[in-house]
Amino acid sequence: MAEPAAPPRARIVAWLKGDSVADARQAPARTILLFLAPALVVYAGFTIYPVLRTFYNSVHTIGPHNLQTFVGLDNFVALVTQDRVFWKAVANTTIFTVVGTVADVLGGLLLALCLFAKVPLARAMRVIWFTPVLMSYVIVGIIWVWLYDYDWGLVNLVLGWLGLESLQHSWLGDPATALWAVVVTHLWKWLGFNMIIFLAALHALPEEVLGAAELDNCGWFAKLVYIIIPMLRPTVVNLLVLSFIGKMMMFDLVWIMTAGGPLWSTETVSTYVYKRAFNWNTFDLGYPSAIAVLWFFMILLFVTLMTRLLRQRDRVEF
Amino acid sequence: MATVTIDGLSKRYAGGGEPAVKAVSLAVADGEFMVLLGPSGCGKSSVLRMIAGLEPITAGTVAIDGRPVNHVPAKDRDIAMVFQSYALYPHMTVHANLAFGLRRRSVPGDEIDRRVRGVAEKLGLTPFLARKPHALSGGQRQRVALGRAIVRDPKVFLFDEPLSNLDAALRVSTRNELIKQQHELGTTTIYVTHDQVEAMTMGDRICIMNKGEVVQIGKPLEVYRSPADAFVARFLGNPPMNLLPARLEQIGDRAVARFADVAVELPGYPMPALTPYLGGAVTLGIRPEDLYETPPPAVAPRTQQIATRVLAVEPLGAETLLMLATGSSDQEIIARVGRDTGLRMGDAASIALDPNALHLFDPTTTKAIARTT
Amino acid sequence: MRLWLNHLRRTPLLLFLVVYTIVSGGPFLWVMSMSLRTTPEIFDDPYALPVRLHWEKFANAWTNSNYGTYFWNSLIVVVTAVALVTLIGAMAAHCLARYRFRGSRMVRFVILSGMILPPQLLILSLFQILLDYGLYNSLAGLIIVYVATQLAMTVYILEGFFAQLPQDLFDAARMDGYADFEIFWRITLPIGLPAIFTTVTLNFILLWNEYLYAVVLLTDDEKRTLPLGIMHFMGGHQLDVGMIATGLMIAIAPVILLYALFSETMIKGMTAGAVR
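Note that the structure is predicted; figures quoted are calculated from it, not measured. (Residues numbered from 1 in each chain as written. Chains lettered and ligands numbered in written order. Predicted model: local features only at pLDDT ≥ 70, side-chain atom pairs only at ≥ 80, totals over all residues.)

As for the overall build of chain A
Step number 1: Per the secondary structure count, chain A includes 14 helices and two strands.
Step number 2: Taken over C-alpha atoms, the radius of gyration comes to 27 Å for chain A, far larger than the 20 Å a tight globule of 318 residues would show.
Step number 3: With respect to the principal axes defined by its C-alpha atoms, chain A has extents near 100 × 65 × 40 Å.
Step number 4: The 318 residues of chain A split such that 41% are buried. (Helix = DSSP H or I, 4+ residues; strand = E, 2+ residues; numbered from the N terminus. Rg over C-alpha atoms; globule rule 2.2 N^0.38 Å. Buried ≥ 20, exposed ≤ 12 C-beta atoms within 10 Å, placed from the backbone.)

This is how it looks when you write it as structure tokens:
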């Protein structure tokens, strides 16, 4: 007994609405597709495809007007064996990352402990200390370029007031100090972030365990070393990894403050990629793509090593 | 081994209205097991934490062995505490948890080892020494918490509701374990709980607190039999004491309490004690176990009968609880009768009451009317 | 006497707190002050407070130096991108959190792994792709790229939250006859509002401040977003510190305003991705 076919519009609406399946954890394929499609389409087209294309680029020379020449692993070989700027950039980025990450996490912990110690106005300070996190790198960079100015920058001025004229430098102009100056600025921006996370973790520590430690003859230092820091270990590891990844990819701040100079003393891998792609006398997207690919694998390797080393074998549940 | 004396201890939290603890005074003898009993929020945990030194004292003194310790930091009071959540160090093994306090006090290594192993042996923790707390059951963690306190060999033990996180069966066995340990060690113990069964079975003396104040201190059976006020009367005993409004009347040279159309004698109370209440209202208290369907021979001669109507029957297996309505006002009381009662809901029942077991309370102050002047 | 000693012990700590507060909050106040002073005044005494408040500098920057255009571009791009990524991210997160289907683990893994992709791996190819599709140097192109870059983090945060919603709620809705999309629209979204707030905050701040993708993918001055506009101005007028400061204030004012009103939400939002 045949029913007349429903008009097309009703059919589409019915298709979109889906069946009401009894089990709420199941849904017909078309519903799932509907939910995922927009995200997957955007993701596939503008994340996955570009990644694949970068890999493709890395084994080619991409000249102007999209002239592509297959070169195999030539780019990588040249990169590893002949490109001194690349290795300088790797060294700079590594120093920046390692020093910055350790300082970032330790500093954040220190600040959080200060606020945890029941100081007056802790809430207000928490809000103020977090402000740099919200500022764009452009703003942070420009402010600190001014602060580092040799003639009228506050850094040199304060050194002068303290009678330390001998320490005054052209912070961003001197190859010996430029990278460290950028590290300090980066730290200034991000300490508040780690501080907030550590503060939340500190407040989540069970009070009775800290009470038990007090009865076990722990002063504030012993409590810190034997109880608090070991219990914060998962947070510390997470932040170390997060900070590490973020700094390995750093572009904005360096570009704005020094553009990689002076004399490549602040050249990072990301600024080098940009320069090779857009600021080089020959236009070739293949070579910088190779740099990006190689660097990506190096980051993966470091992160895997880090997590392997630092992650605990059993959980610290409480 | 030490005495603990609290005098006028008070605690006010910043920003709070009422003080949490109001002028609590208590003297715990050497080797005594003192239980602080009371409902949630009565201030018993605050008192304990002030004794431990984990909470600053607003007013009053705490003295251990006669020496005031108000300004002595917690770690120097020679006190060990077992917390409700056990508060084990989650990142350390059981062995390290037990040894931590000793290590922090620079006890020599082999001494630590000896004591830890000894305590582990005593509490059956030897197979677990290498495990971390998250791999232990609740009962095992509780024993580690206890072990951590024992291994310190302190002057005083403090317990903050240590059994409340355990399931019922475990609670009973652990309770007995704790009693046994305390007996063997003979250490002065202060134990906080809201569970009256724990208080009755474990304490040498109970200190009952309500709303920040001490209501009564005494041996468990004393407090049970002679509650100082209506609150204590209802707090101890399950099901709780029946409290009924009654009128005190004078008949000849005797006083009787009239309730539920019955005038009951008051043999336990001499006339002078009752004179202020004659002709007025009193609160009458009678425990469910002192109401009988069939009184035992020893009690039978002196009992009086009350006419009641059965509202509900709750057979518990070993005994039965009856919810009864008495008198014209249908006042509800609970009686505890034998398991083979034939009474059903809606029946009329005549219940025997033992006048010797009656308690009288002042209707306004709720304090017990003294049996002596 | 004892109280005194306690205070004395804490003095270094309190000193450190004061110093750090000045260090972290000072620069912002300094820029705010400079934004209201003329450049000659600044070079005269860089760290003084403004004598006259030169509000006209803001109007000047807005119209003559094109900051008005930059601001609108940023606003359009960021608001659109955040709206889009929140919608499609929530849809994907809801699907992954609620439904069991073959391949769901694979899909989740693929999307979430996007969080560790360095921009360098994407930027050059995106440059080529946008050129190919005529989306280069267009706000629309930048919007789509922004949606793609923020998708992984958004799905991560929202999926984590949605997965914790009690399944009973959804079972009951099913039994009441709600269709799947209705369940998403009427249940997940309203109840998931706190998590959505945090991702909106996070995405807004990150995209408002974003520089690298914008500088590669936009070239027309008319299309520049604020960070680009500032750098462009800086390039041409490096010594006009006063006007640069005014531009910086225009860029940071919305953020600070939101922060003053919603500091807790913003703090939670910005740290949401890191708290496990």
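Comments concerning the overall build of chain C
Step number 1: Tallying secondary structure elements over chain C gives 14 helices and zero strands in all.
Step number 2: The linear arrangement of helices and strands in chain C, starting from the amino end, is α-α-α-α-α-α-α-α-α-α-α-α-α-α.
Step number 3: Computed over the C-alpha atoms, the radius of gyration of chain C is 24 Å, more than 25% above the 19 Å expected from 2.2 N^0.38 for a compact globule of 276 residues.
Step number 4: Overall size of chain C, expressed as C-alpha extent along the three principal axes, is 70 × 70 × 35 Å.
Step number 5: The buried share among the 276 residues of chain C stands at 46%.
Step number 6: The contacts in chain C between residues at least 6 apart in sequence include a share of 78% that link residues at least 24 apart. (Contact = placed C-beta atoms within 7 Å.)

Notes on the sheet that holds strand E6 (residues 79–82) of chain B
Residues and elements named next belong to chain B.
Step number 1: A sheet is described by the order of its strands in space; here six strands give the open sequence E6-E7-E8-E3-E9-E10, paired in mixed fashion. What marks the edges here is a single partner per strand, and that holds for E6 and strand E10 (213–218). Averaged over all pairs of adjacent strands, the angle between their axes in this sheet comes to 20 degrees, without regard to strand direction.
Step number 2: Here strand E3 (residues 33–37) runs beside strand E8 (residues 188–193); their pairing, made up of five bridges, is parallel. Residue pairing across strands places Phe 33 opposite Thr 189, the latter belonging to E8. (Pairing = 2+ DSSP bridges. Axes fitted to C-alpha atoms, helices over the stretch in contact; angles between N-to-C directions.)

Thoughts on the pairing of E10(B)
Step number 1: Bridging between strand E9 (residues 205–210) of chain B and E10(B) involves five bridges; their strand directions are antiparallel. Following the sheet pairing, B:Cys207 is matched in E10(B) by B:Ile217.

A few points about the interface of chain B and chain A
Step number 1: Contacts between chain B and chain A engage 19 residues on the former and 19 residues on the latter.
Step number 2: Among the secondary structure elements, those contributing two or more residues to the side of chain B that touches chain A are E6 and helix H2 (94–104) of chain B.
Step number 3: Residues of the side of chain B that touches chain A, tallied by class, amount to eleven nonpolar, four polar and four charged. (Nonpolar A, V, L, I, M, F, W, Y, C, P; charged D, E, K, R; others polar.)

Things to note about helix H11 (residues 233–248) of chain A
All names here are of chain A.
Step number 1: Spanning 16 residues, H11 covers 22 Å between terminal C-alpha atoms, matching the ideal 22 Å at 1.5 Å per step.
Step number 2: All of the buried residues along H11 are Thr 235, Val 236, Leu 239, Ser 243, Phe 244, Lys 247 and Met 248.
Step number 3: Contacts from the buried residues of H11 go to helix H4 (84–116), helix H8 (175–203) and helix H14 (286–310). (Expected span 1.5 Å × (residues − 1).)

Regarding unusual backbone geometry
All names here are of chain B.
Step number 1: A cis amide bond links Asn 238 with the next residue in sequence, Pro 239, at an omega value of 0 degrees.
Step number 2: Residues other than glycine seldom take positive phi values, yet Ala 87 does so here, at roughly 50 degrees.
Step number 3: Within the secondary structure, Ala 87 sits in the loop between E6 and H2.
Step number 4: Backbone geometry places Glu 161, a non-glycine residue, at a positive phi of 45 degrees.
Step number 5: Position of Glu 161 relative to the elements: it lies in the loop between strand E7 (156–160) and helix H5 (168–185).

Thoughts on the interface of chain C and chain A
Step number 1: Facing the 72 residues of chain C at the interface are 67 residues of chain A.
Step number 2: Residue contributions to the side of chain C that touches chain A peak at eleven residues, all from helix H1 (residues 2–35) of chain C.
Step number 3: Taken together, the residues of the side of chain C that touches chain A sort by class into 53 nonpolar, 13 polar and six charged.

Considerations on the sheet that holds strand E17 (residues 320–326) of chain B
Residues and elements named next belong to chain B.
Step number 1: Strand order in the open sheet formed by five strands is E15-E19-E16-E17-E18, and the pairing between neighbours is antiparallel. What marks the edges here is a single partner per strand, and that holds for strand E15 (291–292) and strand E18 (331–337).
Step number 2: Bridge count between E17 and E18: seven bridges; the pairing is antiparallel. Pairing of Leu 324 across the sheet is with Ile 333, part of E18.

Observations regarding the arrangement of the chains
Step number 1: There are two pairs of chains in contact here, and the one with the most contacts is chains A and C.
Step number 2: Nowhere do chain B and chain C come into contact; their C-alpha atoms are at least 10 Å apart.

Observations concerning the domain arrangement of chain C
Residues and elements named next belong to chain C.
Step number 1: Domain boundaries assigned for chain C yield domain 1 (2–35) and domain 2 (65–271).
Step number 2: One C-alpha centre belongs to domain 1, the other to domain 2, and the line joining them spans 35 Å.
Step number 3: Between domain 1 and domain 2, the contact holds four residues from the first and six residues from the second.
Step number 4: Of the residues contributing to the side of domain 1 that touches domain 2, the split by class is three nonpolar, one polar and no charged. (Domains from an automatic or database assignment.)

A short note on the confidence of the model for chain C
Interpretation of this model should avoid reading the predicted coordinates in detail wherever pLDDT is low.
Step number 1: Confidence in the prediction of chain C, expressed as mean pLDDT, is 88, and 96% of residues score 70 or more.
Step number 2: Model confidence for the complex: the whole-complex pTM is 0.84, and ipTM, which rates the interface, is 0.88. (pLDDT = per-residue confidence, 0-100.)

A short note on the environment of B:Val35
Residues and elements named next belong to chain B.
Step number 1: One can find Val 35 in strand E3.
Step number 2: Considered as a pair, Val 35 and Asp 167 are 132 residues apart in the sequence and their alpha carbons are 21 Å apart.
Step number 3: Residue contacts for Val 35: discarding those within four places in its chain leaves Tyr 191, Thr 193, Ala 199, Met 202, Gly 203, Ile 206 and Cys 207.

Overview of the pairing of E17(B)
Residues and elements named next belong to chain B.
Step number 1: In this structure, strand E16 (residues 304–315) lies alongside E17, joined through seven bridges in antiparallel fashion. Paired with Ala 312 across the bridge in E17 is Met 323.
Step number 2: Two successive antiparallel strands, E16 and E17, enclose a turn made up of four residues, where Gly 317 displays a positive phi of approximately 105 degrees.
Step number 3: Connecting the antiparallel pair E17 and E18 is a turn made up of four residues, with Gly 327 showing a positive phi of about 65 degrees.

A closer look at the packing of helix H12 (residues 226–236) of chain C against helix H13 (residues 241–261) of chain C
All names here are of chain C.
Step number 1: Two elements in contact, H12 and H13, have axes whose closest approach is 10 Å; the angle formed by their N-to-C orientations is 175 degrees. With respect to H13, the element H12 is oriented roughly antiparallel. Touching Leu 226, Ile 230, Phe 233 and Met 234 of H12 are Ile 244, Gly 247, Leu 248 and Ala 251, all from H13.
Step number 2: Within the contact of H12 with H13, the residues separate by chemical class into seven nonpolar, one polar and no charged. (Parallel < 35°, antiparallel > 145°, perpendicular 65-115°, else oblique.)

Structural notes on H4(A)
Step number 1: Between its first and last C-alpha, H4(A) extends 47 Å over 33 residues, near the 48 Å set by a 1.5 Å rise per residue.
Step number 2: Where H4(A) terminates, the next one or two residues include A:Lys118, which has phi positive at roughly 55 degrees.

So, the environment of B:Ile6
Residues and elements named next belong to chain B.
Step number 1: Mapped onto the elements of the fold, Ile 6 is located in strand E1 (residues 4–11).
Step number 2: For Ile 6 and Leu 360, which are 354 residues apart along the polypeptide, the C-alpha to C-alpha distance reads 31 Å.
Step number 3: Filtering out sequence-adjacent residues up to four positions away, Ile 6 remains in contact with Val 24, Ser 25, Leu 26, Ile 51, Gly 60 and Val 62.

Here we look at the environment of C:Tyr99
Step number 1: As for its position among the elements, C:Tyr99 is in the loop between helix H4 (67–98) and helix H5 (104–113).
Step number 2: Judged by the 20 C-beta atoms lying within 10 Å of it, C:Tyr99 is buried.
Step number 3: Excluding residues that lie within four positions of it along the chain, C:Tyr99 makes contacts with A:Arg25, A:Gln26, A:Ala27 and A:Ile32.

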